[in-house]
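# Notes for the structure review
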Amino acid sequence: MASITIRGVKKNYAKTPVVHGVDLDFASGEFVVILGPSGCGKSTLLRMIAGLEEISDGTIAIDGVVVNKLEPRERGCAMVFQNYALYPHMSVAQNIGYSLKVAGVPSAERAQRIQAVARVLELEHLLDRKPMALSGGQRQRVAMGRAMIREPKVFLFDEPLSNLDAKLRVQMRSEIRKLHRRLSATSVFVTHDQVEAMTLADRLVVMNGGRVEQVGTPAEVYSRPASRFVATFVGAPAMNMLEGTVTLDGLSLLGDSRKLNVSRTGLAVGAKVAVGIRPEAVRMVAPGTAGALAATVDLIEELGAGRVVYVDLDGAPFSIATSETVHPEPGSTVGLQFAEQDLHFFSAETGGRLDVFKASVPEPAL
Amino acid sequence: MVERTPILNFLTHLILFVGFVFCVAPFAIVAIAASHNLKDVNDVPMSLLPGSDFWVNIKTAWTTADLGPKLLNSFIMAFGVAAGKVIISALTAFSIVYFRYPGRMLIFWLIFITLMLPLEVRIVPTYAVVANVLEPYQAIMDLTGLSWLIEKLSGMQVSLSLGLLNSYSGLILPLVATATGTFLYRQFFLTVPDELTEAARMDGAGAMRFFVDILLPLSRNNMAALGTIMFLWAWNQYLWPLLITTDQSHAMAVTELKQLIPNVGGAPEWHIAMAGTLIVMLPPLIVVVLMQRWFVRGLIATEK
């Protein structure tokens, strides 16, 4: 149990900055997921917390103690690696118990603790095997056991599920969640998979280009994305984005070809904005319905429980997620309708969120 | 592309067989010659049917050249060189691959360049150093006037001397450094995933702990390969042992074989010489047979 305080942390490789000043607070016992595309600096940030990467500027404190100059072993962190990083020449038991061996724990106590961890992870019958003889999911569990046995204050996960197949990933996801509930150690989990992020996180940190874009609960991040990047990155299929200009009675979209009547935007007339709308918030209606945008159907993706309809809106791609059993023919015209409060406005220049309508969820506590 | 047709199969086997004969024929002739008596071995052409005096000749060769202690000497030296090379090159490669310090690559290339300076090239300076290991220090002290100063102050003349001629250390140490070994280890260490190193750091293992607990066990195939090659190489050393062992008690089996070779005017006892050769060939052969499995794995495959 430990809180983590990150203040103005930067990382430069040679002269190239990869993390530009990050400030974050993780509460004790919290499960934080850092989400971002590859190369956004999320792994680097995690490795700086672990002590595997030097901190170029700023401080990281665990439980109020600045750990910048501490060796990984002195920080009380344990880490689960993407490729598991099991020692190939050691048995499962030796892999799990290695940190205790290094720490000089007597072998009787060590064996007992290995047993205890193996019981939790259902690895008892595999203790004598070598990692080579294990399946991906089993290796993953050994890697978690190796982290657990030290009873660390902080658990760090570096994309630990990305090497597993889809089914196993879902299973391990819930196991990690259960494990966290059981151990309630502060956990930081790095991933580029938004489903993983949404399902695991108490709090979500979305990073892009070495900066933190948004911090909030998964629901907050989904319903009130703080920037255009977060809006399009979180949610599948991605949020539709249309460029537009504010007019007297609403918006003109897509180079003035479409008009949209929106009341009380409060934005200056002539301001350039990007308007986002989630595919789930769009309804398909008969073409020609008043207030609906007409679009041509391109493609339909069947998902079983629902389907995604890709349409063409004067050259701009647009998608609609629907659970209705509608089957518009590709090439046919449909009308698109959505509620005003489902629109998200972003500044065309900065990409930042413009608060136009009343907030539908409370302001996220940063 | 692998083609399998009966004709090609036959041809490849034929080529293999010819190669095999070329490799083995000289040894067969040595073994046959070692089984003849004095008269038969000097027949022209020598009979290629084995004679009946094999064990007699072996015994004569063993006693004439006093091979027992010589083989032991050879073994100590070859084992020492092989073990030394395996340890030293593992350590140097560990330092070069896993630590960041200025001049790291320069040091690596300096080690690499020594490949171009085998013992035969630097044999005179090496001999001088082994004759008196402290000679260079003496020279430095003389040059800087330090020994003059000490003599003036204390009245004692400085004369450093530590000779290694006729000793196992003298035989082994100059042969222990190896660029090949360092390079072999370096290439292997580079294939070890960084995550293993990081996992060990997270587990609290320091550098030496990581080296001993993780790297060495992983590189045991490498060690076997390097150890085998170096054992053979050291066993077959001729020039260096010949040069620095004047004392019979430190003579090597390979150099002592010359005692069995008939002198001009002596009886042409080639059967004894061949028998001695067979004996001296045996230990490396045993090492290769025992180590073969590891040896091949170490050279071709990376475990993973």
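Residues numbered from 1 in each chain as written. Chains lettered and ligands numbered in written order. Predicted model: local features only at pLDDT ≥ 70, side-chain atom pairs only at ≥ 80, totals over all residues. Heavy atoms only, no water.

Within chain B one finds 16 helices and 0 strands. Scaling as 2.2 N^0.38, a compact globule of 304 residues should have a C-alpha radius of gyration of about 19 Å, whereas chain B reaches 25 Å, well beyond that. Taken along its principal axes, the extent of the C-alpha atoms in chain B is 75 × 65 × 30 Å. Burial status across chain B gives 37% buried among its 304 residues. Excluding contacts between residues fewer than 6 apart, the proportion of contacts in chain B whose partners are at least 24 apart in sequence is 74%. Carbon and sulfur atoms provide 72% of the accessible area of chain B, an area that totals close to 17,700 Å². Treating the 17 positive side-chain charges of chain B as one cloud and the 18 negative ones as another, the clouds have centres 7 Å apart. (Helix = DSSP H or I, 4+ residues; strand = E, 2+ residues; numbered from the N terminus. Rg over C-alpha atoms; globule rule 2.2 N^0.38 Å. Buried < 20%, exposed > 50% of the residue type's maximum accessible area, 1.4 Å probe, protein only. Contact = heavy atoms within 4.5 Å. Areas by Shrake-Rupley, 256 points an atom, 1.4 Å probe, with all protein chains shown as cover. Lys, Arg positive; Asp, Glu negative; His and termini not counted. Charge placed at Lys NZ, Arg CZ, Asp CG, Glu CD.)

With that settled, consider the sheet that holds strand β16 (residues 293-302) of chain A. Whenever strands of a sheet pair, they do so through backbone hydrogen bonds, lying parallel or antiparallel. All names here are of chain A. Pairing is antiparallel in the open sheet, where 5 strands are placed in the order β15-β19-β16-β17-β18. Where the open sheet ends on each side, the last strands, each with one partner, are β15 (283-285) and β18 (316-322). The average angle at which neighbouring strand axes cross in this sheet is 50°, direction not considered. Inspection of the sheet shows β15 paired to strand β19 (residues 333-337) by 3 bridges, in the antiparallel sense. What sits directly across from Met284, in β19, is Leu336. (Pairing = 2+ DSSP bridges. Axes fitted to C-alpha atoms, helices over the stretch in contact; angles between N-to-C directions.)

So, about the packing of helix α2 (residues 92-102) of chain A against helix α12 (residues 207-218) of chain B. Geometry of a packed helix pair, given as the angle between the helix axes and the separation of the axes. Between α2 of chain A and α12 of chain B, the shortest axis-to-axis distance is 13 Å and the interhelical angle comes to 150°. It follows from the interaxial angle that α2 of chain A and α12 of chain B lie roughly antiparallel. In this structure, the crossing between α2 of chain A and α12 of chain B has a hand that is right-handed. On α12 of chain B, the residues touching Tyr98, Lys101 and Val102 of chain A of α2 of chain A are Arg209, Asp213 and Ile214 of chain B. (Parallel < 35°, antiparallel > 145°, perpendicular 65-115°, else oblique. Left-handed = near helix turned anticlockwise from the far one by under 90°.)

Here we come to the side chain of Arg146 of chain A. The topology assignment puts Arg146 of chain A in helix α4 (residues 136-148). Engagement of the side chain of Arg146 of chain A in a polar contact is seen with the backbone oxygen of Tyr84 of chain A, the distance being 3.0 Å. (Polar contact = N/O pair within 3.5 Å; in protein donor to acceptor, adjacent residues only side chain to side chain.)

Between chain A and chain B, the contact holds 27 residues from the first and 18 residues from the second. Summed over both partners, the interface of chain A with chain B buries about 2,000 Å², with 58% contributed by carbon and sulfur atoms. Its largest share of buried area at the contact with chain B, chain A owes to Tyr87, His89 and Tyr98 of chain A, together 27% of the area lost on that side. Applying the counting rule to chain A against chain B returns 1 salt bridge. For the pair chain A and chain B, the number of links is 10 residue pairs in polar contact (both at pLDDT 80 or more). Looking at the side of chain A that touches chain B, the elements that each hand over two or more residues are α1 (42-50), β6 (77-80) and α2 of chain A. Take the side of chain A that touches chain B: its biggest share by element is 4 residues, from α2 of chain A. Its residues assigned to classes, the side of chain A that touches chain B comprises 16 nonpolar, 5 polar and 6 charged. (Buried area = accessible area lost by both parts, 1.4 Å probe. Salt bridge = Lys/Arg side-chain N within 4 Å of Asp/Glu carboxyl O. Nonpolar A, V, L, I, M, F, W, Y, C, P; charged D, E, K, R; others polar.)

Before going further, it helps to spend a moment on the packing of helix α4 (residues 67-98) of chain B against helix α5 (residues 104-113) of chain B. All names here are of chain B. Contact geometry of α4 with α5 gives a least axis separation of 9 Å together with a crossing angle of 145°. The chirality of how α4 crosses α5 is left-handed. Facing α4, whose interface residues are Thr92, Ile96 and Val97, α5 presents Arg104, Phe108 and Ile111. Considered class by class, the residues forming the contact of α4 with α5 number 4 nonpolar, 1 polar and 1 charged.

What follows deals with unusual backbone geometry. All names here are of chain A. Note the cis peptide between Ala236 and Pro237, where omega equals -5°. A positive phi angle, close to 55°, is found at Ala14, a residue other than glycine. Looking at where Ala14 falls in the secondary structure, it is placed in the loop between β1 (4-13) and β2 (16-26). Its identity as a non-glycine residue notwithstanding, Glu151 has a phi of 50°, on the positive side. Inspection of the secondary structure assignment puts Glu151 in the loop between α4 and β7 (154-158).

Before going further, it helps to spend a moment on the confidence of the model for chain A. Residues and elements named next belong to chain A. Per-residue pLDDT for chain A averages 85, and the proportion of residues at 70 or more is 95%. Per-element mean pLDDT across chain A ranges from 70 in strand β13 (residues 258-261) up to 93 in strand β3 (residues 31-35). Every residue in residues 358-366 is under pLDDT 50, and counting partners more than four places away or in other chains gives 9 contacts. (pLDDT = per-residue confidence, 0-100.)

Another point: the side chain of Lys85 of chain B. All names here are of chain B. Structurally, the position occupied by Lys85 is in helix α4. Among buried charged residues, Lys85 stands out as having no salt bridge; its nearest opposite-charge side chain is Glu120, 10 Å away. When residues no more than four places from it in sequence are discounted, the contact partners of Lys85 are Ala90, Leu175, Val176, Ala177, Thr178, Leu226, Met230 and Trp233.

Here we take up the sheet that holds β6 of chain A. Residue and element names in this part refer to chain A. Taken in spatial order, the 6 strands of this open sheet run β6-β7-β8-β3-β9-β10, and their pairing is mixed. Of all strands in the sheet, those with a lone pairing partner are β6 and β10 (211-216), marking the two edges. Shown here is a sheet whose adjacent strand axes are inclined to one another by a mean of 20°, direction ignored. Where β6 and β7 come together, 4 bridges link them in parallel fashion. Its bridge partner lying in β7, Cys77 is registered against Val154. Contacting β6 and β7, α4 crosses the sheet at an angle of about 175° to β6.

Residues and elements named next belong to chain A. Judged by how many residues are buried, strand β20 (residues 343-347) sits mostly within the fold: 5 of 5 residues are covered. What you see with β20 is no split at all: Leu343, Phe345 and Ser347 on one side and His344 and Phe346 on the other are buried throughout. Here 5 bridges tie strand β14 (residues 272-277) to β20, and the two strands are oriented antiparallel to one another. Along β20, the bridge assignment pairs Gly276 with His344. When β20 meets strand β21 (residues 353-354), the two strands line up antiparallel, connected through 2 bridges. What sits directly across from Phe345, in β21, is Leu354. Hairpin connection, β20 to β21: the antiparallel pair is bridged by 5 residues, and Gly351 has positive phi, about 80°.

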